[in-house]
Amino acid sequence: MATTHTKSAARAMMAPSVIALLIWMAVPLAMTLYYSTLGYSLYNPISTPFVGFDNYSYFLSDPTFSAALVNTLILVVGVLCITVGGGILVALLLDQDFYGVNVVRLLVIAPFFVMPTVAALVWKNMMMNPVYGVIGQFLSSIGLQPIDWMTEVPLLSIIIIVAWQWLPFATLILLTALQSLSSDQKEAAEMDGAGALSIFWYITLPHMSRAITVVILIQTIFLLSIFAEILVTTNGGPGSQSTNLTYLVYQQAISFGDVGAASAGGIVAVILANIVAIFLVRLIGKNLDA
Amino acid sequence: MGAIRLEKVRKAFGEAVIIPELDLDIKDGEFVVFVGPSGCGKSTLLRLIAGLEDVTSGDITIDGTNATELPPAKRRLAMVFQSYALYPHMSVRKNIAFPLKMAGMDKAEIDKRVSNAAKILNLDNYIDRRPGQLSGGQRQRVAIGRAIVREPAAFLFDEPLSNLDAALRVGMRLEISELHQRLKTTMIYVTHDQVEAMTMADKIVVLHAGHIEQVGSPLELYSRPRNTFVAGFIGSPKMNLLTGAEAKKHDAATIGVRPEHIALSTSEGMWKGTVKVSEHLGSDTFLHVETALHPEPLTVRADGEFPVHYGDTVYLTPQADKIHRFDDKGLAIR
Ligand SMILES: Nc1ncnc2c1ncn2[C@@H]1O[C@H](COP(=O)(O)OP(=O)(O)OP(=O)(O)O)[C@@H](O)[C@H]1O
Ligand SMILES: [Mg+2]
């Protein structure tokens, strides 16, 4: 039959790329799993004895681990709240017709094109520096004590920087969703006696729910592995106040030279990411069918 | 109660004047149909009445109170859109209940009214489905249900049946007429389908480029068109309009004869012609007959079957008392 034939042909055609992809994913994963069972220090790479689950118990019992776990979650949730909430507001604003809306749209999207390291450095030195930064200068000029962002509120600072970078993405997706809402529906609601707030709550927001889901899912994947912003601003400090899981794994490998523990951490991070993903898909993924 | 009065209403989008000053009186309980060619401003006029567009100048009075500045919700009008404009994420029940919920009505009263509307419109079987799971005709009923629960002063329909297939359209046409008989509420209905206009209306308003060409009952427009535009627009197939020598004989610049008012014969008659295309509908036959009177063929209706073929010669005789005469400005001579 034609259909069976096309199916097997399709399988044969896809096989090379599927196999390449599997190798591409499976080899690093297998290597990481393998290293995570070795006592492998960069300071003594000659002897790499098999240690079983020691690396895991070491990594998981490290007090920095629980701190990093909490930080990771705060970072993800904080950035999501700001970008989704802010994205909806900015999208609503950009959906209006006002003079120069095209220029404003371009400006709003601009942060997305700035590299994470550059963005973080600009924020650290030109915005948040208590002496030279714009925020510090502004606070001084109105007679307030400037805040030393990176030492006083390191995690919040990173949340702000990352949210600034991801706001354009959220705005863009939400704006396209907003623009696909038919004006008939809004007008029908208007005639049905709904005010601006009711229209937003009962018509606009449900219409955008799918786009919001997409934003949350995609951003979560990227936000779980934030690294560059932490490296160039706080270095995970002070102490471990702004260390997330990714940064902790990096520290284990590079600062402490402990490849075994870093690999174990990497595996833990993968498992956690999967837990979060399953949880998210269960919770909000149903918005995507229908 | 739903008497609506438009006084010197004018609408311009920027430079483009879509509706030059227009007056219109709609009595309580009337079924008024706006007809006109595409782009003549029917929807715009309806949206002005609904309050979805602001008038450029003039006044709209609803039930004696000036509604020109009122927002749509305060005008107590309900609208059924061509696209139905149902809320896709709400069930049929929630869709219908939405205007009541917005009005802050209590739960028991909402339930009562929704189930009442569902019964009138036969919506009971799919009351918990989403609009996406309904057929076009069912969606249309939901849209009407959402309009009637509010018990509005008047209903506004913007080409509500144009997305339905022919059979369903006939059915819904009857349903809407019946609804009007039952509710006795004012209805304003926009269409460019003149069968809908003729069959449903108490009063037809013929629009052309934002002007009102004529207002009257369907039969009035059919038997006494005020000008050539209305004469050509109302009636199907179109009235034959003749200029030149034949019109002169009747002291007019243009004369018009409807296809159904011309007698056909194969042997004798007033005008000789050659049969072109014939359209056989079973109940009637429409012949397109080429004559020396006019460059375009005349349309003639014959009852039942009329056995002629392409190229045959026929004779046409217009009924003398059914000839419409128009002067050189296109206005009817009476
Ligand atoms: N928002 C607007 N801005 C500018 N011009 C408009 C606007 N809305 C309508 N028009 C113009 O007004 C005229 C009348 O439009 P309208 O929609 O009322 O026509 P209509 O009679 O309903 O036609 P149809 O039978 O095709 O629905 C059209 O020429 C249209 O281009
Ligand atoms: Mg229209």
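Remember, it's a predicted structure, so these values are computed and weren't measured experimentally.

Here we take up a nonpolar patch on the surface. A grouping of M13(A), M14(A), V18(A) and L22(A) is seen on the molecular surface, where their side chains present a nonpolar patch of about 440 Å² in accessible area. As for its placement among the helices and strands, M13(A) is situated in helix α1 (residues 2–35).

All names here are of chain B. The strand order across the open sheet built from three strands is β11-β12-β18, with neighbouring strands paired in antiparallel fashion. Bordering the open sheet on either side are β11 (240–243) and β18 (324–326), each of which pairs with just one other strand. With direction set aside, neighbouring strand axes in the sheet form an average angle of 25 degrees. Strand direction decides the pairing type here: strand β12 (residues 254–257) and β18, joined by three bridges, are antiparallel. Pairing of T254 across the sheet is with F326, part of β18.

What follows deals with the UniProt feature "domain: ABC transmembrane type-1" (unreviewed entry) in chain A. When the UniProt feature table is mapped onto this chain numbering, "domain: ABC transmembrane type-1" (unreviewed entry) sits at residues 69–280 of chain A. Secondary structure content for residues 69–280 of chain A is 76% helix and 0% strand, while the C-alpha to C-alpha distance between its ends is 17 Å.

Okay, the interface of chain B and chain A next. Across the boundary between the two partners, chain B contributes 21 residues, which contact 14 residues of chain A. Carbon and sulfur atoms make up 64% of the surface buried where chain B meets chain A, a total of about 1,600 Å² over both sides. Its largest share of buried area at the contact with chain A, chain B owes to Y87(B), H89(B) and M102(B), together 29% of the area lost on that side. Taken together, the connections running from chain B to chain A amount to three salt bridges. Its salt-bridge partner being R150(B), residue D192(A) comes within 3.8 Å of it at the nearest N-O pair. Scanning the region where chain B abuts chain A turns up six residue pairs in polar contact (both at pLDDT 80 or more). Among the secondary structure elements, those contributing two or more residues to the side of chain B that touches chain A are α1 (42–50), β6 (77–80) and α2 (92–102) of chain B. Per-element tally for the side of chain B that touches chain A: the top contributor is α2(B), with four residues.

Here we take up the site of ligand 1. Residues and elements named next belong to chain B. Around ligand 1 lies a shell formed by F13, I18, S38, G39, C40, G41, K42, S43, T44, E159 and H192. The contact in question runs from an oxygen atom of ligand 1 to an N or O atom on the side chain of S43, over 2.5 Å. Taking T44, its side chain carries an N or O atom lying 2.5 Å from an oxygen atom of ligand 1. Burial of ligand 1 by the protein chains amounts to 58% of its free accessible area of 640 Å². Residue contributions to the shell around ligand 1 peak at three residues, all from α1.

A separate point is the UniProt feature "domain: ABC transporter" (unreviewed entry) in chain B. The UniProt entry lists residues 4–234 of chain B under the feature "domain: ABC transporter" (unreviewed entry), expressed in the numbering used here. Along residues 4–234 of chain B one finds 36% helix and 26% strand; the C-alpha atoms at either end are 25 Å apart.

This part covers the environment of M115(A). Mapped onto the fold, M115(A) is located in the loop between α4 (101–109) and α5 (116–127). A C-alpha to C-alpha distance of 14 Å links M115(A) and T233(A), two positions 118 residues apart in sequence.

What follows concerns the domain arrangement of chain B. Residue and element names in this part refer to chain B. Looking at chain B, the domain boundaries give domain 1 (4–230) and domain 2 (239–326). The interface is formed by six residues belonging to domain 1 together with eight residues belonging to domain 2. Of the roughly 510 Å² buried where domain 1 meets domain 2, counting both sides, 62% is carbon and sulfur surface. When the buried area of domain 1 at its contact with domain 2 is split by residue, Y222, P225 and T228 rank highest and sum to 85% of it. On inspection of domain 1 and its partner domain 2, the count reaches two residue pairs in polar contact (both at pLDDT 80 or more).

Below, the discussion takes up the sheet that holds strand β14 (residues 271–280) of chain B. Residues and elements named next belong to chain B. Ordered in space as β13-β17-β14-β15-β16, the five strands form an open sheet in which the pairing is antiparallel. Edge positions in the open sheet fall to β13 (262–265) and β16 (298–303), since each of these has one partner strand only. Taken pair by pair, the neighbouring strands of this sheet meet at an average axis angle of 45 degrees, ignoring direction.

Residue and element names in this part refer to chain A. Within the secondary structure, N129 is located in the loop between α5 and α6 (134–141). A polar contact is formed between the side chain of N129 and the backbone nitrogen of V131, at a distance of 2.8 Å. A polar contact is formed between the side chain of N129 and the backbone nitrogen of Y132, at a distance of 3.1 Å. Setting aside anything within four residues of it in sequence, one finds N129 in contact with K124 and G136.

All names here are of chain A. UniProt records the feature "transmembrane region" (unreviewed entry) at residues 12–35, 68–94, 106–123, 155–178, 211–233 and 253–281, using the numbering of this structure. Span residues 12–35 is 100% helix and 0% strand, its end C-alpha atoms 35 Å apart. Helix makes up 100% of residues 155–178 and strand 0%, whereas the separation of the span's terminal C-alpha atoms amounts to 32 Å.

Basis of the calculations
- Residues numbered from 1 in each chain as written.
- Chains lettered and ligands numbered in written order.
- Predicted model: local features only at pLDDT ≥ 70, side-chain atom pairs only at ≥ 80, totals over all residues.
- Heavy atoms only, no water.
- Patch = residues over 30% accessible without salt bridge, like charges linked within 9 Å, V, L, I, M, F, W, Y side chains within 5 Å.
- Areas by Shrake-Rupley, 256 points an atom, 1.4 Å probe, with all protein chains shown as cover.
- Salt bridge = Lys/Arg side-chain N within 4 Å of Asp/Glu carboxyl O.
- Helix = DSSP H or I, 4+ residues; strand = E, 2+ residues; numbered from the N terminus.
- Pairing = 2+ DSSP bridges.
- Axes fitted to C-alpha atoms, helices over the stretch in contact; angles between N-to-C directions.
- UniProt positions renumbered as here; feature names shortened; annotations may be inferred.
- Contact = heavy atoms within 4.5 Å.
- Buried area = accessible area lost by both parts, 1.4 Å probe.
- Polar contact = N/O pair within 3.5 Å; in protein donor to acceptor, adjacent residues only side chain to side chain.
- Near = heavy atom within 4 Å.
- Domains from an automatic or database assignment.

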